[in-house]
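Residue strings, one per chain:
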Amino acid sequence: MAAKCRLTRGFGVRSEAFPSFLPKEVEKIRDPFARKLATRIERLPVRFKEDCIMSSCVKPLVQSNTSPVVLLHGFDSSSLEWRYTYPLLEEAGLETWAVDILGWGFSDLERLPSSDVASKRHHFYQLWKSHIKKPMILVGPSLGAAVAIDFAVNHPEAVEKLVLIDASVYAEGTGNLASMPKLVAYAGIGRLHCLFPWWEDATVDFMRSGGYKVSTQIEQVKQKTLIIWGEDDQIISNKLAVRLHSELPNGVLRQIPDCGHLPHVERPSSVAKLIVEFSQQDCYEEARCVSQL
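Rules used throughout
Residues numbered from 1 in each chain as written. Predicted model: local features only at pLDDT ≥ 70, side-chain atom pairs only at ≥ 80, totals over all residues. Heavy atoms only, no water. Phe/Tyr/Trp six-rings, centres within 6.5 Å; stacked < 30°, edge-to-face > 60°. Helix = DSSP H or I, 4+ residues; strand = E, 2+ residues; numbered from the N terminus. Buried < 20%, exposed > 50% of the residue type's maximum accessible area, 1.4 Å probe, protein only. Lys NZ or Arg CZ within 6 Å of the ring centre and 35° of its normal. Expected span 1.5 Å × (residues − 1). 1 Å grid on protein atoms, 1.4 Å probe; cavity = no way out; pocket = protein on both sides within 12 Å on 5 of 7 lines; lining within 4 Å. Points joined across faces, edges and corners; volume = space filled by probe spheres on them. Nonpolar A, V, L, I, M, F, W, Y, C, P; charged D, E, K, R; others polar. Salt bridge = Lys/Arg side-chain N within 4 Å of Asp/Glu carboxyl O.

Naming follows an unreviewed UniProt entry, where the protein chain appears as Alpha/beta hydrolase fold of Trema orientale.

Draft legend 1. Molecular detail of the packing of aromatic side chains. All chains considered together, the criterion is met by 9 aromatic pairs. Consider the rings of F75 and F206, whose centres lie 6.3 Å apart with planes at 40°: the pair is tilted. Taken together, the residues span a long stretch of sequence, with F75 in the loop between β3 (69-71) and α2 (85-91) and F206 in helix α5 (residues 199-208) at a distance of 131 residues. Using a relative accessible area of 22% as the deciding quantity, one classes F75 as partly exposed. Judged by relative accessible area, F206 falls into the buried class, the value being 0%. On the basis of an interplanar angle of 15° and a centroid distance of 4.8 Å, the ring pair of F196 and W198 is categorised as stacked. Grouping aromatic residues by their ring pairs yields a cluster made of F75, W104, F206 and Y212. A cation over an aromatic ring shows up here: K161 above the ring of F278, its NZ or CZ 4.8 Å from the ring centre. Across the ring face of Y170, the terminal group of R243 is positioned such that the distance to the ring centre comes to 3.8 Å.

Draft legend 2. Seen up close, unusual backbone geometry. Positive phi outside glycine occurs at S142, with the angle close to 55°. Considering the arrangement of structural elements, one finds S142 in the loop between β5 (136-141) and α4 (143-154). One non-glycine residue, D166, lies in the positive phi region at around 40°. Tracing the backbone through its elements, the reader meets D166 in the loop between β6 (159-165) and α5.

Draft legend 3. Geometry of the environment of R47. Mapped onto the elements of the fold, R47 is located in strand β1 (residues 41-48). Sequence-wise, R47 and H123 are 76 residues apart; in three dimensions their C-alpha atoms are separated by 7.8 Å.

Draft legend 4. Layout of helix α3 (residues 117-132). Its 16 residues place the ends of α3 21 Å apart at the C-alpha level, agreeing with the 22 Å of an ideal helix rising 1.5 Å per residue. Every buried residue of α3 is accounted for by V117, S119, K120, H123, F124, Y125, Q126, L127, W128 and I132. Of the residues trailing α3, K133 is marked for its positive phi of about 70°.

Draft legend 5. Examining empty space enclosed by the protein more closely. Inspection of the entire model under this criterion finds 1 cavity of 30 Å³ or more. Taken as a whole, the largest cavity encloses approximately 30 Å³ of empty space. Lining the largest cavity are L72, V99, D100, I101, L102, K120, H123 and F124. Looking at the lining of the largest cavity element by element, the count peaks at 3 residues for α3. In terms of residue class, the lining of the largest cavity is built from 5 nonpolar, 1 polar and 2 charged.

Draft legend 6. Structural context of the pattern of salt bridges. Inspection of the entire model under this criterion finds 9 salt bridges. Note that K24 and E25 form a salt bridge whose closest N and O atoms lie 3.4 Å from each other. A relative accessible area of 63% places K24 in the exposed class. In this structure, E277 engages K273 in a salt bridge whose closest nitrogen and oxygen atoms are separated by 2.6 Å. In this pair, E277 and K273 both sit in helix α8 (residues 268-291), 4 residues apart, roughly one turn of the helix.

And the structure:
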């Protein structure tokens with residue numbers, strides 16, 4: 001019998017009302033942006049095959065009639081990656097979500113499911129279907145770009161537009177054991193989720209599965225796509241940004257000067273501005289057409 005999803009509120013009383021399910025080491029974080037975003041992390045019930053996973057995300061404070069912006073994260077990271085850009089998008093009036101990809105982040109994985117590509121895709125679809133419910137502007141940085149492309153191709157009804165940031169999409173088997181450093185958990189903003197007991201098993205399971213192989217899917221992406229790249233990215237050459245732009249049927253490229261591999265962390269104002277403009281682009285075009293009638 002399928003397990004019933006129950007919404008449990010795991011909020012404890014700490015110095016800044018951090019959710020009780022976060023590792024206690026969250027108290028050691030000093031970055032005020034990370035602390036504030038951490039207080040807003042929730043776990044929502046997501047049906048997964050015959051089970052239910054209490055899945056972590058940051059929900060928007062308000063909902064709007066426009067397409068929601070849904071932020072993924074990079075390899076082995078969490079929604080806290082968006083600590084600087086998230087509030088700027090929200091201040092601009094966008095309905096903004098930050099979602100933890102299955103196997104990473106702060107979801108309850110005590111009964112550990114598979115963390116391969118198909119499982120990550122299925123879990124995210126169920127989260128979208130249950131909670132987001134509207135076609136979205138899906139934003140993926142680094143490995144998150146591969147997650148976004150894979151999802152957009154398999155579930156086009158859920159994705160209105162794509163934003164790909166310093167996209168890791170050409171390394172076959174992105175996330176495999178041979179290409180990744182030894183897994184070492186340590187405290188800090190970027191690795192807080194590593195303190196969960198299931199973290200290493202989930203990450204190794206993903207890497208053993210072969211990871212993402214989306215280079216052959218790029219030309220299947222039909223959605224309008226904004227490519228954002230740091231001109232000084234030392235991890236993924238911006239030459240690949242030009243290649244990605246040439247292969248996407250409906251893409252536009254914007255490069256950010258004096259910026260490395262994490263534009264949404266290094267240049268959050270620039271990234272937020274580009275996303276806001278991209279999200280409003282169709283509205284401007286529709287208004288222009290109406291004014292010309």
